[in-house]
Amino acid sequence: MGVPPVTVEVVEREFGELALNMGPQHPSTHGVLRLVLHLSGETVVRAKPSIGYLHRGVEKLSEHLAYDQLAPVYERNDYLSPTANSLAYCLAVERLASIEVPRRGRFMRAFVAEWQRIASHLVWLGTLGLDLGGALGGGTTLYMYCFREREKILDFLEALTGTRFHTNVNMIGGCRYDLDAATAAWSERLAAAVEAALPELHAMSGDTPIFRERTRGVGVIPPDLALAVGVTGPTLRGSGIAHDVRKDAPYDAYGELPLSVPSRSAGDAEARFQVRIEEIRASLSLVRAIVAGLPAGPIFSRKPIKNPKATKVPAGEVYAAVESPRGELGMHLVSEGGPKPYRLKIRAPSFCNLQVVEYLLPGGLVADVVAILGSLDPVMGDVDR
Amino acid sequence: MPAPEVVAALATRFAAAPFPLGVSVARESLVEAARVLRDHHGYRYYLLGTATERADAIEVLHAVRHPATLDTLFLKTALPKDDPTVDSLVLVWSGADWNEREIYDLFGVRFRGHPDLRRILLPDEYEGHPLRKDFPMDAPWGFRP
């Protein structure tokens, strides 16, 4: 008694183009980004990002609050590097109103900004490992290791400012919290600890063949495209253009600090990864240089603010930019002389960087979408404002 | 501060009025000025697009940068409030795409020749343009400062 052979006929059908919504609730879109992907098989033919799910109308709100009330509001924009937002705002107001910032205050602002840059890059690395998935030590391993280091930084910022996250350290005319000997020593220990952990993190990401396979040659941004679209930050420096606001238009203490600007010419996801890893090291040497060279003196140049609505800024318009972990974060402030901004435009680095996915995704696989998005490091709070 | 020689060149060629951040051109010559700025002066790096509503006009601003000298220049155009229409710069700098959509969304400025002029931050069925000064802030869902 033999079993009759079963023949299975495999039919491959051409379905044409399939439109697939990726997000807004998708773990690898880093927030509420929705991508409308047009797929042919597993290849992306066309990609349309749809944003705005996190729009909070910050720019309209700016026109209704007084100057001294606004800095904490902007810290909620790019919530992975809150200091950069309020710093750009404070710089814009200070330039328009000709307010001096004491030298120690300038150093302290840069100090907190650099620690937050390291923390932000650690979140980026951890979530990139999460996106690239199970291959990297079981998916969550790299993520957990990165967050362990980031946790130490947040603990330190809590000791320094009282807040772990939205440190609210910048004020128009200076900064709010000062560094004492004990926290300075803590900063040194912390820098050593984070530096010691970096080879371990790199061993779990950049050193593994699977990571290289998934990032090398993926999502290549040619320099011309990067410039025309207005890509900034590590994403631009991964495309071979070593432009950094801290170096090219120094603000705060950066003109006096030894700053190295890492860049790569490949323009792919791996290049962006390498640039950010080197930026962590560069920021560590910056915080060390700041602690070593912190000048004595006051940190705030104005009188204590009793009535925030009393601050007036002369009429005019100004553009001030800082280098946030994601790129150039600029504020275009228009004043007509009152106690509130007449108009404030936030040039959000994530918004401008995200535009480039329309050019990057077509031709790649769905799996590359995740790697490309992760390597661009968009923060949706920054995109949607 | 934008490079004085570029500002002077644009001022003579397009009868543009300099202002502290750049030059202000008439809306008819905006695209031409943008092309000259990109091809002749080398401002290939698109930075941002924004708008400001003044008492009598809506100003649309595009900020561009020279990739080598890193000089930043703002190109401003004033539009009448009853006809806020201007040519799109997407074909000059592709980065203008989302920035112009945002200006359209929040200010109601129409960009002629834009390939995909839809709302970007607000829902498609939203009514009004919230960054206009006459946008009602006392709506039931609104906030009271």
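Residues numbered from 1 in each chain as written. Chains lettered and ligands numbered in written order. Predicted model: local features only at pLDDT ≥ 70, side-chain atom pairs only at ≥ 80, totals over all residues. Heavy atoms only, no water.

Let us look at the overall build of chain A. Along its length, chain A carries 15 helices and eight strands. Since a compact globule built from 385 residues should have a radius of gyration of about 21 Å, the 23 Å found for chain A is in line with a globular shape. Summarising its shape, the C-alpha atoms of chain A cover approximately 100 × 45 × 35 Å along the three principal directions. When the 385 residues of chain A are sorted by exposure, 60% land in the buried category. A separation threshold of at least 6 residues defines the contact pool for chain A, and within that pool the share at least 24 residues apart is 72%. (Helix = DSSP H or I, 4+ residues; strand = E, 2+ residues; numbered from the N terminus. Rg over C-alpha atoms; globule rule 2.2 N^0.38 Å. Buried < 20%, exposed > 50% of the residue type's maximum accessible area, 1.4 Å probe, protein only. Contact = heavy atoms within 4.5 Å.)

All right, on to unusual backbone geometry then. Comment: phi is negative for the bulk of residues other than glycine, and the bulk of peptide bonds are trans. The residue A:Asp252 is not glycine, and still its phi comes out positive at about 45°. Looking at the element boundaries, A:Asp252 is found in the loop between α10 (245–248) and α11 (269–292). What makes A:Asp252 buried here is its relative accessible area of 14%. The phi dihedral of B:Leu70 is positive, around 60°, even though this residue is not glycine. Tracing the backbone through its elements, the reader meets B:Leu70 in the loop between β4 (57–65) and β5 (72–80).

Packed helices, taken two at a time, are described by the angle their axes make and the gap between the axes. Residue and element names in this part refer to chain B. Relative orientation of the contacting elements helix α1 (residues 4–14) and helix α2 (residues 30–40) amounts to 145°, with a least axis distance of 11 Å. The element α1 and its partner α2 pack so that their crossing is right-handed. Contact residues: Val6, Leu10, Arg13 and Phe14 in α1; Glu32, Ala33, Val36 and Leu37 in α2. In terms of residue class, the contact of α1 with α2 is built from six nonpolar, no polar and two charged. (Axes fitted to C-alpha atoms, helices over the stretch in contact; angles between N-to-C directions. Left-handed = near helix turned anticlockwise from the far one by under 90°. Nonpolar A, V, L, I, M, F, W, Y, C, P; charged D, E, K, R; others polar.)

All right, on to the pattern of salt bridges then. In this structure the tally under the stated criterion is 45 salt bridges over all chains. A:Glu278 is the partner of A:Arg264 in a salt bridge, and the nearest nitrogen-oxygen pair spans 2.5 Å. With A:Arg264 in the loop between α10 and α11 and A:Glu278 in helix α11, this pair connects stretches of sequence that are 14 residues apart. A salt bridge links B:Arg38 to B:Asp39; its shortest N-O distance comes to 2.8 Å. The class for B:Arg38 is partly exposed, based on a relative accessible area of 22%. Relative accessible area serves as the criterion here: at 52%, B:Asp39 is assigned to the exposed category. A network of salt bridges, in which partner residues are shared, links A:Glu114, A:Arg117, A:Arg237, A:Asp244, A:Arg246, A:Glu279 and A:Glu323. (Salt bridge = Lys/Arg side-chain N within 4 Å of Asp/Glu carboxyl O.)

Tallying the contact residues gives 42 residues for chain B and 40 residues for chain A. Here chain B and chain A share an interface that buries about 3,500 Å² over both sides, 56% of which is from carbon and sulfur atoms. On the surface where chain B and chain A come into contact, there are nine salt bridges. In this structure, A:Lys345 and B:Glu102 form a salt bridge, with 3.2 Å as the shortest nitrogen-oxygen distance. (Buried area = accessible area lost by both parts, 1.4 Å probe.)

Bringing the packing of helix α4 (residues 103–132) of chain A against α11(A) into the picture now. Residue and element names in this part refer to chain A. Across the interface, α4 lies against α11 with an axial gap of 9 Å and an inter-helix angle of 155°. Comparing their axes, α11 and α4 come out roughly antiparallel. Both α4 and α11 take part in a crossing whose hand is left-handed. Residues Phe107, Ala110, Phe111, Glu114, Trp115, Arg117, Ile118, His121, Leu122, Trp124, Leu125 and Leu128 of α4 touch α11, and the partners they reach there are Phe273, Arg276, Ile277, Glu279, Ile280, Ser283, Leu284, Leu286, Val287, Ile290 and Val291. (Parallel < 35°, antiparallel > 145°, perpendicular 65-115°, else oblique.)

So, about the nonpolar core. Here is a general trend for soluble globular proteins: nonpolar side chains tend to be buried in one another's company. Counting residues in each nonpolar core, the largest one holds 155 residues, and the members touching the most others are A:Ile51, A:Tyr89, A:Phe111 and A:Trp115. Among the elements that line this core, the one with the most residues is α4(A), at 14 residues. Counting contributing residues, this core receives three or more from each of domain 1 (8–50) and domain 2 (100–304 + 350–384) of chain A. Beyond its immediate sequence surroundings of up to four residues, A:Ile51 is in contact with A:Leu33, A:Phe351, A:Leu354, A:Met380, A:Val383, A:Asp384, B:Trp98, B:Ile120 and B:Leu121. (Core = buried A, V, L, I, M, F, W, Y, C linked by side-chain atoms within 4.5 Å. Domains from an automatic or database assignment.)

The next thing to look at is the sheet that holds strand β2 (residues 22–25) of chain B. Residue and element names in this part refer to chain B. With respect to topology, five strands assemble into an open sheet ordered β1-β2-β5-β4-β3, the strand pairing being mixed. Bordering the open sheet on either side are β1 (17–19) and β3 (45–53), each of which pairs with just one other strand. Strand-to-strand twist of the sheet, defined as the mean angle between neighbouring strand axes without regard to direction, takes the value 25°. Strand direction decides the pairing type here: β2 and β5, joined by four bridges, are parallel. (Pairing = 2+ DSSP bridges.)

As a further point, take the side chain of B:Ser94. Tracing the sequence through the fold places B:Ser94 in the loop between β6 (85–87) and α3 (96–107). When sequence neighbours within four positions are dropped, the list of residues in contact with B:Ser94 reads A:Ala228, A:Val229, A:Gln355 and A:Tyr359.

Residue and element names in this part refer to chain A. For chain A, the assigned domains are domain 1 (8–50) and domain 2 (100–304 + 350–384). Computed over C-alpha atoms only, the centres of domain 1 and domain 2 are separated by 30 Å. Between domain 1 and domain 2, the residue contacts involve 19 residues of the former and 17 residues of the latter. Summed over both partners, the interface of domain 1 with domain 2 comes to about 1,500 Å²; 70% of that surface belongs to carbon and sulfur atoms. A per-residue breakdown of the area domain 1 buries against domain 2 is headed by His30, Glu42 and Val44, which together make up 36% of the total. Inspection of the domain 1/domain 2 interface yields one salt bridge. Between domain 1 and domain 2 we count four residue pairs in polar contact (both at pLDDT 80 or more) in total. Those elements giving two or more residues to the side of domain 1 that touches domain 2 turn out to be β2 (34–40) and β3 (43–50). If you tally residues by element for the side of domain 1 that touches domain 2, the top one is β3, at seven residues. (Polar contact = N/O pair within 3.5 Å; in protein donor to acceptor, adjacent residues only side chain to side chain.)

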